[in-house]
Each structure stands twice: as C-alpha cells, then as structure tokens.
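Coordinate analysis (summary)
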Amino acid sequence: MDVDVRELGNSRVALHVKLSADEVSGAFDRTYQQLSDRGGIKGFRPGKVPRKILERYYDADAIRAATYEALVQDRLEEAMELENLRPIDQVEIEVGAPPEEDEILAEKIKGGLTDEEATESEEAEEPAETEEADEEEPHEEIPLQEGEPFEFYSVFTAYPRPSLPDLSDLKLRKPVAEVTDEDVEEQIERLRRINAEEVEVDREEIADGDVVVAKLKVVVEGEDPDEVNATEQEIIVGERDYLGDIDEKLIGHKAGDVVEAEFTYQEDHPDEELAGKSARIIAEIESFSARELPELTDEFAQSLGDYKDLEDLRSSIRQQLERRAEEKAQEELRAQVTRRILEGTEVELPEEFVEQAAERSLEDLRSELQQMGMSIDEFAEATGQDEEELRSNQRARAESGLKLHFAIEALAREREIEVTDEDVAVELRRIAEESGGDMEFVQQAAMLQPNFAEEVQDRAMRRKLFEDLIASAEIEEVPADQYAQEAAEREASEPEPAEAEPAGEAVEEVATATEPEAAGEAAEADDAQESEET
C-alpha cells in the first residue's frame, strides 16, 4: 500500500491510497475464504469449499462489492493510523487519484454557494447535453477488478496535527517556601480572632479589635453623597482590609459619629471608570462591641478539633502550611510547562473549531453574568470594552485553549500516556473535593453524562502528562519570595496575553469591584476557610 497525504490548508487534507494488483487479488482471496468458512454449501465442510464452487454459487458483482467495501475500509483505517489522521467530518471515498489543488479549491468554493448559485454555476460550466453524451458507457458501480491495481482518495477536514516543542531539555524553577514559627503563630492568632466572643462594653469610645456596625457609603469624586445609597456593614477594627483603612479611623470614636477616609483606586482597577480616581468612604457608626480572644491554652486547641494539646495544633498547622506551599509550587511548575508548550507549539486550527469554541466561551460568560445579575453589555462597559473587543478576546482565549488541547493530546500520544480506571477514580475524588459534592453523585454523573466523563478523562490525562513532564525535567529550587518578585517583574515587562485570563476570573473581579465591602468579606471568608481546614 502506497499512501500520500496532501495538506490543503485549514486542516483540510487529501488522502491518496494506491494498492498493487497483488493486494487487490489478496483481498478477493480473503473474501472467498470468508465465504468458504461460512459453509452452508451441500457436500462441503466449512472452510473447505473450493473457489470454483463458490464462483458458481455467488454472484460475481456481489463478490466484488463485498471485497471493495472490506478492502477500502481496512486500507482507509490503516492509512489514517499510519499518517496519524482523524477526520472531523464525514469521509467520502472517491475512486482514482485526487484532482489538483486548484480543482479541489473550486469544489470547496462551490460548496459554499447557495443551492441556487451552485445550480447556476453548474449550468454555466457544463456543456449542453448531446446525443453523443447519451451514448457514453455507463459508469461501473463497483470499480474494483481482481488482478488489477486500484487507487482511491478522500478529501476531508482532519483534527489538527500540531508541531510540538522539544521538551527533552525542559528546565523549571520551583518556588520553595519555608514555613517559619512566625507563620504558624500568625495562623494561631487568626484562629483566636475567628473564635473571639463579642461582649458588651461600658466604655463610649471604639478601641482596636472592636466590632463596629456602621452604615457605609463609597463616594467617588464628582458624586453627590446624598445620592449614594448606604449599606450596613460589620467592621472589625484593626484588620486593615477595608477601603481607606476606615477600620483604623474608627478608633477613638463613639456611636453616632460619622467618620470619613479618603483613598484612590488603583490605576489597573478592572473598572476603567474608577481606575485612578479618588474617593471617600463614609461610615456612620451605629454600635460597637468588644471582642474577647480565647486564651492560648491546650483547652483552646482541643476546642478546635481532635488535637491533644497546643503543640499538636501547631504541628498540624505547620503541616497544612507546608502542604499548601507544595501545592502552590506544583501549580507554578504546571504553569511553566503550559507556557513552554504554548510557546513552542505550532498548529493550524480549523476555523469552525475556533468559532464554535469562541461562541461557547461567550455563552458561558453570558450565563455566568446572568447568575450575578449582569448583562454582557454591562460587563463590557465595566471592563472598558465594546462587544466586538469582548468577542475578540473570547476568540483569542478559544484559540489558545484549542492550541493547548491539541498539543497536550499529541504529547500524551507521543509519550504513551495511558489513563487507567484508577486515574479516573482519583480525578473523580478531586472533583468531588473541589466542588464539595458527594463522591457517589460525581460517579453517577460520569456514568450518565458522556461529556462529563470525557472531561474527566481529559483532566486525568493532562494531570498524568504534566506529572510525567515535571518528573523528567531539570528543576531548580528558588526561594518563594525571589520567585514571586521575578514573576512580578516578568509580568510588568511582558504582560500576559488576554487569552491567558479565564473569563470566570474577569467576571469575579468586576463583581467584587462593585461592592465596597468586598475586601472585608474576602478576609472573613479566608478566615472561615482556614478555620474549617484546621
């Protein structure tokens, strides 16, 4: 079998297969042998029926049809596997050699015309029928002849075949964070603050650590304070997680006082209308109470969980911090591998793939925004984009995602990464932990939803591939603070492309930017999460 592949652009290929006369004859022999094995002819055992008897028993056209179907199907699959081709669309078989590229292009253009335009085009190209045309011999329905060479071709859109980077000399930098005694004690103090009790006080003035209930307004320059709605918030004095450090400004004041703090929004604020602008946060104090921190004793440690004493709690916290640091380091290693793959991969993506992925991404964004009470227009305005720019960004993300997907798929085949049932089970457990769902529910979802099951397979394969790449890489360990500084400098000099930022993160940024209490709530959420983990 002689196989030739012609690249036509935009992932279109022409696959040409040529078979020798001996291969064709061998295919006929296999057909007759299969018929012999079926038996059913009186006087002969299965597998022992002579060919001459079979030729009298079966119609010659039926033999040729069966041989043609089996031969073309087998050789087509073999050729695709040999050339690493996977068709996206329906594969149509044509007999003979493929036409020249300009003829294929003409057919493609014609295929894009409307039915009426195509008919007009055909009428213009085809000569009028003549009597001579009627006298032409009819086309052979089964174009395969025993003892004669045979060739066929197919033109189709194939899954992209990326040109992969050489990862044999992969060098990575791993941020290593040392967990100090101070880090552990800081977490202990956070736990004390979380478990503090509010108690009434007989003093009139607010002190550090108090909990203050106040009505808050955020007034941006140029706005009338009377037209800004106030929201009731609970502020923990001394946390320094609030706009304008308003919590610090409350110290020494009493109920009924109005306290103001000025601040300026960052220049890179996601809402361009707020970026760089000055503003005031106004707090009208309604009430306050003191927070009594629990004493740092063995009893306090035991009240938090299954801890023997305070040292056992400290040991557990240290282990958690070390595990988080290692998880973060592994994330950074995977991010470096991802960048290396994207930078070194070249792939021609089918236009329909990109359009479909971009549209799905936009629909996901629209759905996420609707759940948050925002429209796509409001989001575009808040991020300083028009709808065209938004679509362009979603398309860029789609291209980047598809590029990475096909590169990872090809790398997994190249490195012979195989996903086992155990790998899938591990990934399902991870998904259950990430979503806070029940393992049994996640397993049932994978059984009933093919798309979800495929996603789990992809996740398991990607994780296994990255683990394999990282294990074979040369890794240099660097202090975490040095790594963070280098990353910040790199980002400042070479900003990440738009497609590198998931749409969900952009939505979250815009949503939190519209809530003045976001910073305080974020801090409380972190505290609560750490308390649960501890």
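Quantities reported herein were computed from a predicted structural model and do not represent experimental measurements.

**Some points on the pairing of strand 10 (residues 278-292)**
- Of the pairings in the sheet, the one linking strand 6 (residues 197-199) to strand 10 comprises three bridges and is antiparallel in character. Its bridge partner lying in strand 10, Glu-198 is registered against Arg-291.
- The pairing of strand 9 (residues 258-264) with strand 10 spans seven bridges and is antiparallel. Across the sheet, the residue bridging to Val-259 is Ala-283, located in strand 10.

**Thoughts on the packing of helix 1 (residues 21-38) against helix 3 (residues 60-82)**
- Where helix 1 contacts helix 3, the two axes come as close as 9 Å, and the packing angle between them is 115°. For the crossing formed where helix 1 meets helix 3, the hand is right-handed. Of the residues in helix 3, those touching helix 1 at Glu-23, Val-24, Ala-27, Phe-28, Arg-30, Thr-31, Tyr-32 and Leu-35 are Ile-63, Arg-64, Ala-66, Thr-67, Leu-71 and Arg-75.

**Remarks on helix 11 (residues 351-371)**
- Between its first and last C-alpha atoms helix 11 spans 31 Å; for 21 residues at 1.5 Å apiece the expected length is 30 Å, and the two agree.
- Burial in helix 11 covers these residues: Phe-353, Val-354, Ala-357, Ala-358, Ser-361, Leu-362, Leu-365 and Leu-369. One side of helix 11 carries all its buried residues, which in axial view fall inside an arc of 160°. Exposed residues lying more than 90 degrees from the buried face of helix 11 are Gln-370 and Gln-371.

**Describing the side chain of Arg-314**
- Relative to the helices and strands, Arg-314 is located in helix 10 (residues 310-344).
- Non-local contacts of Arg-314, meaning those with residues more than four positions away in its chain, are made with Val-184, Glu-185, Ile-188 and Leu-296.

**Things to note about the nonpolar core**
- By size, the foremost hydrophobic cluster in this structure holds 29 residues, and its most contacted members are Leu-15, Phe-150 and Phe-156.
- Breaking this core down by element, the ones donating at least two residues are strand 2 (12-19), helix 1, helix 2 (51-57), helix 3 and strand 4 (150-157).
- When residues of this core are assigned to their parent elements, the largest contribution, seven residues, is made by helix 3.
- What Phe-150 contacts, discounting residues up to four positions off in sequence, is Val-17, Lys-18, Leu-19, Val-24, Tyr-68, Val-72, Val-95, Pro-143 and Leu-144.

**Observations concerning the confidence of the model for the chain**
- On average, the chain scores 82 in pLDDT, and the residues at 70 or more come to 85%.
- Low confidence marks residues 110-139, where pLDDT is under 50. Its contacts with residues over four positions away, or in another chain, come to seven contacts.
- For residues 495-534, every residue scores under 50 in pLDDT, and the model assigns this stretch 58 contacts once sequence neighbours within four places are set aside.

**Observations regarding the pattern of salt bridges**
- Under the counting rule described, the total for this entry stands at 33 salt bridges.
- A salt bridge links Glu-55 to Arg-51, with the shortest nitrogen-to-oxygen separation between them at 2.9 Å. Taken as a pair, Glu-55 and Arg-51 lie in helix 2 at a separation of four residues, close to a single helical turn.
- Note on Glu-55: relative accessible area 39%, which makes it partly exposed.
- Of the charged contacts, one joins Glu-409 and Arg-413 as a salt bridge, the two residues approaching to 4.0 Å between their closest N and O atoms.

**A look at a negative patch on the surface**
- Negative charge collects at one region of the surface, where Glu-272, Glu-273, Asp-377, Glu-378, Glu-381, Asp-386, Glu-388 and Glu-389 lie side by side.
- Per-element tally for the negative patch: the top contributor is helix 12 (residues 376-382), with three residues.
- Assignment of secondary structure puts Asp-386 in the loop between helix 12 and helix 13 (387-414).
- Note on Asp-386: relative accessible area 41%, which makes it partly exposed.

**Overview of the sheet that holds strand 4**
- Taken together, the four strands give an open sheet; going across it, the order is 1-2-4-3, and neighbouring strands pair in antiparallel fashion. Of all strands in the sheet, those bounded by a partner on one side alone are strand 1 (2-9) and strand 3 (94-95).
- In terms of strand pairing, strand 1 meets strand 2 through seven bridges, oriented antiparallel. Each bridged residue has a counterpart across the sheet, and for Asp-2 the counterpart in strand 2 is Lys-18.

The rules behind these values
- Residues numbered from 1 in each chain as written.
- Predicted model: local features only at pLDDT ≥ 70, side-chain atom pairs only at ≥ 80, totals over all residues.
- Heavy atoms only, no water.
- Pairing = 2+ DSSP bridges.
- Helix = DSSP H or I, 4+ residues; strand = E, 2+ residues; numbered from the N terminus.
- Axes fitted to C-alpha atoms, helices over the stretch in contact; angles between N-to-C directions.
- Left-handed = near helix turned anticlockwise from the far one by under 90°.
- Contact = heavy atoms within 4.5 Å.
- Expected span 1.5 Å × (residues − 1).
- Buried < 20%, exposed > 50% of the residue type's maximum accessible area, 1.4 Å probe, protein only.
- Arc of directions from axis to C-beta.
- Core = buried A, V, L, I, M, F, W, Y, C linked by side-chain atoms within 4.5 Å.
- pLDDT = per-residue confidence, 0-100.
- Salt bridge = Lys/Arg side-chain N within 4 Å of Asp/Glu carboxyl O.
- Patch = residues over 30% accessible without salt bridge, like charges linked within 9 Å, V, L, I, M, F, W, Y side chains within 5 Å.
- Areas by Shrake-Rupley, 256 points an atom, 1.4 Å probe, with all protein chains shown as cover.
- Lys, Arg positive; Asp, Glu negative; His and termini not counted.
- Charge placed at Lys NZ, Arg CZ, Asp CG, Glu CD.

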